[in-house]
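Structural description and commentary
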Amino acid sequence: MRNALKYFLTFFGLGLWPKMPGTWGSLGAIPLGVILLYFGGPKAILTVALFLFFLSWLATRIYTADSTIKDPQEIVIDEVIGMLISMAFCHNDPILILLAFILFRLFDIFKIGPVRWAQNLSGNPWKESLGVILDDTLAGLYTGLIVYGVSCFR
């Protein structure tokens with residue numbers, strides 16, 4: 001069970017790479033996002049992101065139950081969710097996808113406003129697990145709004 005959780009939360013092992021696991025997780029989400037956009041559009045990508053959000057929240061809670069580390073670096077499924085949300089309005093445009101990737105990584109790294117608040121949720125293990133997932137979800141929402149705005153002018 002723990003190995004399956006690790007495989008899922010590290011997005012097929014991308015989070016286990018020694019340098020920049022969040023960046024690798026974000027990059028790994030792009031092919032999935034492109035496929036979802038191609039076959040189902042924004043509704044499909046947002047539906048998958050929502051499903052992954054709740055599944056990841058539960059999986060993170062289980063995975064970190066015996067750990068003293070609140071947000072293990074190898075968990076990158078949150079970056080996948082944020083990147084998918086970021087790509088929801090990219091229309092499979094490579095320029096918009098590149099913009100989404102860059103902006104998402106910046107929001108994820110610098111943790112502006114509510115993103116920082118979400119990352120620091122504490123009080124009980126469920127809140128801490130939510131914080132692991134929610135900060136990148138909010139970064140993805142910020143990015144998605146900007147990408148949508150840019151797409152209106154392309």
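Above: the structure in question.
Computed from a prediction, not measured in an experiment: that's the story for all the values here.

1. Points about the overall build of the chain
If you tally the helices and strands in the chain, you get six helices and zero strands. In the chain, the succession of helices and strands from N to C terminus is α-α-α-α-α-α. Relative to the globule expectation of 15 Å for 154 residues, the C-alpha radius of gyration of the chain, 15 Å, shows essentially globular dimensions. Judged by the C-alpha coordinates and their principal axes, the chain covers about 50 × 30 × 30 Å. Scored against the burial criterion, the 154 residues of the chain give a buried share of 48%. Counting only contacts in the chain whose residues sit at least 6 apart along the sequence, the fraction spanning at least 24 positions is 75%. Looking at charge distribution, the chain has the averaged site of its 11 positive side-chain charges lying 1 Å from that of its 10 negative ones.

2. Describing the packing of helix H2 (residues 21-63) against helix H6 (residues 125-151)
Across the interface, H2 lies against H6 with an axial gap of 8 Å and an inter-helix angle of 135 degrees. With respect to each other, H2 and H6 are oriented oblique. Between H2 and H6 lies a crossing whose hand is right-handed. On H6, the residues that touch Phe53, Ser56, Trp57, Leu58, Thr60 and Arg61 of H2 are Pro125, Trp126, Ser129, Leu130, Val132, Ile133, Leu134 and Thr137. Here the contact of H2 with H6 is built from residues that sort into nine nonpolar, four polar and one charged.

3. Some remarks on unusual backbone geometry
Despite not being glycine, phenylalanine 12 shows a phi value in the positive range, around 65 degrees. Looking at the secondary structure, you find phenylalanine 12 in the loop between helix H1 (2-9) and H2. For methionine 20, which is not a glycine, the phi torsion comes out positive at approximately 55 degrees. Assessed through its relative accessible area of 51%, methionine 20 is described here as exposed.

Rules of the game
- Residues numbered from 1 in each chain as written.
- Predicted model: local features only at pLDDT ≥ 70, side-chain atom pairs only at ≥ 80, totals over all residues.
- Heavy atoms only, no water.
- Helix = DSSP H or I, 4+ residues; strand = E, 2+ residues; numbered from the N terminus.
- Rg over C-alpha atoms; globule rule 2.2 N^0.38 Å.
- Buried < 20%, exposed > 50% of the residue type's maximum accessible area, 1.4 Å probe, protein only.
- Contact = heavy atoms within 4.5 Å.
- Lys, Arg positive; Asp, Glu negative; His and termini not counted.
- Charge placed at Lys NZ, Arg CZ, Asp CG, Glu CD.
- Axes fitted to C-alpha atoms, helices over the stretch in contact; angles between N-to-C directions.
- Parallel < 35°, antiparallel > 145°, perpendicular 65-115°, else oblique.
- Left-handed = near helix turned anticlockwise from the far one by under 90°.
- Nonpolar A, V, L, I, M, F, W, Y, C, P; charged D, E, K, R; others polar.

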